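The lines below spell out each chain.
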Amino acid sequence: MTRWRSRILPPLLAAALLAGTAPAHGEEPDPTPPGPASGTAPEAAADPAPEATADPAPEAAADPASEAAADPASDVLVPGIAGAGRPEYPMDTPDQVLPPTTPDGEIPVPEPEEEVDELVEYLPRGAVKAACTARTGLYQRQVERLLKLKADGKQSAADCRAIRAFQTKQKIKPANGYAGPVTWGRAELLAARKNPNAAKKCPVRSYPVACVDLNRELMWVQKGKKITYPVVNIRSGRAGYRTRTGWHSVYWRHKDHWSTIYDTPMPFSQFFDGGQAFHGVYGPIATPTGSRGCVNLSYRNAEKLWSVLRKGDRVYIWGKRPGL
């Protein structure tokens, strides 16, 4: 198995990255056509908050708002299974508006050390051990709509039972009724599989179009009305690093791309707008926070997309990531 080539970051920068204090960049304007530029930075899952060490009390009929007031840290979303959701590489780095620098040589990116469990939900610490949580989820209204419940954005006992049943059927862990990013992402994916372009948001053309729906955090490729790459979950840009909408074109593909800024891997990179690209990541996709502008896919989905798109293929992006 290929291993990640290690380099030493400058001590201050390394410390800042590990501490999460590296300066953030604001959103950049739309770029000019690709030209000479600096590097790009990769995307990956944001490091989840540390696991809770205290034994949280089981959920009951307690008011979630009062619980949060008593313990603000309880609203931080963490993986519901201890040790899950950790990215394999520290890749959460700033997006660059300019195209990447052509590498001097080719160094293969590594394959994942292990398969990522995409079905571990993120939820508040206080809800981790609940049998059926009373807490309103981060994607409560969206999940209610997809499960054909009353979409009022408020958790009820009936909502919890229905969401928990869906989680159990889909093998989402823990199955305790919290409407988090994993549950929402899975429900959107299942609803879209038969006809992802049912709302006709992605233009139908005689040539291939990579369709990226930020509202649902989904993407697929179509040629005419035929789906040539099935719909998959993605992660798009967070606030301040939004994935740029509108028409774009794949202008450079680099299978073994390494960030020229932080020397981290961006497997199967397909750049479509400055430093924004489709590329694989080594951690979960459905995380509470978004990317730094790129369209992130799981490693395996990015690998499959590599065989579908070609240089010059069109990309159409619309919508807005929920929560922005």
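Above this text you will find the structure in question.
Conventions used here
For every chain, the first residue of the written sequence is number 1, and numbering continues from 1 along that sequence. A pLDDT threshold of at least 70 governs which residues receive local features in this predicted model, and a stricter bar of 80 or more applies before side-chain atom pairs are shown or counted, although totals over entire chains, interfaces and linings include all residues. The side-chain numbers reported here are obtained from all heavy atoms of the structure, hydrogens and water having been left aside. Note on pairing: DSSP must find at least two bridges between two strands before they are called paired. The helix count covers DSSP runs of H or I at least four residues long, the strand count covers runs of E at least two residues long, and both are numbered beginning at the N terminus. Axes here refer to lines fitted to C-alpha atoms; in helices the fit is confined to the stretch in contact. Angles between the N-to-C directions go from 0 to 180 degrees. Here a residue-residue contact requires only that any non-hydrogen atoms of the pair lie within 4.5 Å. Disulfides are defined as pairs of cysteine sulfur atoms found within 2.5 Å of each other. Partly exposed describes any residue whose relative accessible area lies between the buried limit of under 20% and the exposed limit of over 50%, with all areas from a 1.4 Å probe on protein chains only and scaled to the type maximum. Think of a nonpolar core as a cluster: buried Ala, Val, Leu, Ile, Met, Phe, Trp, Tyr and Cys residues, connected wherever their side-chain atoms sit within 4.5 Å. Each Phe, Tyr or Trp ring, with Trp reduced to its six-membered ring, pairs with another whose centre is within 6.5 Å; inter-plane angles below 30 degrees give stacked pairs, above 60 give edge-to-face pairs, and intermediate values give tilted ones. The rule for a charge over a ring is simple: NZ of Lys or CZ of Arg within 6 Å of the ring centre, and within 35 degrees of the ring normal. Note that the arc is computed from the directions linking the helix axis to the C-beta atoms. Angle categories are assigned with fixed cut-offs, so that under 35 degrees is roughly parallel, over 145 is roughly antiparallel, 65 to 115 is roughly perpendicular, and the rest are oblique. Any residue that is not Ala, Val, Leu, Ile, Met, Phe, Trp, Tyr, Cys, Pro, Asp, Glu, Lys or Arg is counted as polar, Gly included; the first ten are nonpolar and the last four charged.

(A) The arrangement of the sheet that holds strand 10 (residues 295-298) in detail. Judged by pairing direction, the sheet is mixed, and its four strands sit side by side in the order 7-8-9-10 without closing on themselves. In this open sheet, the two strands that pair with only one neighbour each are strand 7 (252-258) and strand 10. The mean angle between the axes of side-by-side strands here comes to 25°, regardless of whether they run parallel or antiparallel. Set on the sheet, helix 6 (residues 299-306) makes contact with strand 7, strand 8 (265-273), strand 9 (276-281) and strand 10; between it and strand 8 the angle comes to about 50°.

(B) Summary view of the state of the cysteines. Applying the stated criterion across every chain yields a total of two disulfides. Between the sulfur atoms of Cys 132 and its disulfide mate Cys 160 the distance is 2.0 Å. Its S-S torsion of about -135° marks the bond between Cys 132 and Cys 160 as left-handed, since a negative value means left-handed. Of this pair, Cys 132 sits in the loop between strand 2 (122-124) and helix 3 (140-146) while Cys 160 sits in helix 4 (residues 157-170), and the two are 28 residues apart along the sequence. On the accessibility criterion, Cys 132 (23% relative accessible area) is partly exposed. Its relative accessible area of 2% is what places Cys 160 among the buried residues. One disulfide in the model links Cys 202 with Cys 211; its S-S distance is 2.0 Å. With the S-S bond torsion at -75°, the cross-link from Cys 202 to Cys 211 turns out left-handed. A single burial state applies to Cys 202 and to Cys 211, both of which are buried. Regarding the disulfides, the protein chain carries the connectivity 1-2, 3-4 under sequence-order numbering of its bonded cysteines.

(C) Here's a closer look at the nonpolar core. With 24 residues, the main nonpolar core has Val 212, Met 219, Phe 278, Leu 297, Leu 305 and Val 315 as its most contacted residues. Listing elements by their share of this core, those giving two or more residues are strand 3 (208-213), strand 4 (218-223), strand 5 (226-233), strand 8, strand 10, helix 6 and strand 11 (314-318). Per element, the largest residue contribution to this core is four residues, and it comes from helix 6. Aside from chain neighbours lying at most four places away, what touches Phe 278 is Ala 210, Val 212, Met 219, Phe 268, Ser 269, Gln 270, Phe 272, Val 295, Leu 297, Leu 305, Leu 309 and Val 315. Ranked by size, the runner-up nonpolar core spans 15 residues in total, among them Tyr 139, Val 143, Phe 166 and Trp 184.

(D) Expanded view of the environment of Ser 269. Structurally, Ser 269 is set in strand 8. The buried category is assigned to Ser 269, whose relative accessible area is 0%. The sequence separation of Ser 269 and Cys 294 amounts to 25 residues, and the corresponding C-alpha distance is 9.7 Å.

(E) Main features of the packing of aromatic side chains. What the rule picks out here adds up to 10 aromatic pairs. Each ring, one from Tyr 251 and one from Phe 271, has its centre 6.5 Å from the other, and the planes form 45°; the classification is tilted. A residue pair is termed long-range when its members are at least 10 positions apart, and Tyr 251 in the loop between strand 6 (246-249) and strand 7 and Phe 271 in strand 8 qualify at 20 residues. Like Tyr 251, the residue Phe 271 is buried in the burial classification. Seen in terms of ring centroids, Trp 252 and Phe 271 are 5.5 Å apart; in terms of plane orientation they differ by 20°. Their pairing is stacked. With Trp 252 in strand 7 and Phe 271 in strand 8, this pair connects stretches of sequence that are 19 residues apart. Taking the relative accessible area as the measure of exposure, Trp 252 reaches 22% and is therefore partly exposed. Look at Phe 271 and you get buried, because its relative accessible area is 0%. Taken together, Trp 220, Trp 247, Tyr 316 and Trp 318 form an aromatic cluster joined through their ring pairs. Directly above the ring of Trp 306 sits Arg 253, whose terminal nitrogen or CZ lies 3.9 Å from the centroid. Positioned above the aromatic ring of Tyr 241 is the side chain of Arg 292, whose terminal nitrogen or guanidinium carbon lies 4.7 Å from the ring centre.

(F) Broad picture of helix 6. Listed in full, the buried residues belonging to helix 6 are Tyr 299, Asn 301, Ala 302, Leu 305 and Trp 306. Each buried residue of helix 6 lies within a common arc of 165° when the element is viewed along its axis, so the set occupies one face. Contacts from the buried residues of helix 6 go to strand 4, strand 5, strand 7, strand 8, strand 9 and strand 10.

(G) Focus on the packing of helix 4 against helix 5 (residues 181-192). Where helix 4 meets helix 5, the closest approach of the two axes is 11 Å, and the angle between their N-to-C directions is 75°. Between helix 4 and helix 5, the angle falls in the class roughly perpendicular. Side by side, helix 4 and helix 5 meet where Ile 163, Phe 166, Gln 167 and Gln 170 of the first sit next to Thr 183, Arg 186, Ala 187 and Leu 190 of the second. Residues belonging to the contact of helix 4 with helix 5 are distributed by class as follows: four nonpolar, three polar and one charged.

(H) Layout of the sheet that holds strand 4. Here five strands make up an open sheet; going across it, the order is 5-4-3-11-6 and the pairing mixed. Every interior strand has two partners, whereas the edge strands, strand 5 and strand 6, have only one. Averaged over all adjacent pairs, the angle separating strand axes in this sheet is 20°, with direction ignored. Against the sheet, helix 5 touches strand 4 and strand 5, its axis set at about 165° to strand 5.

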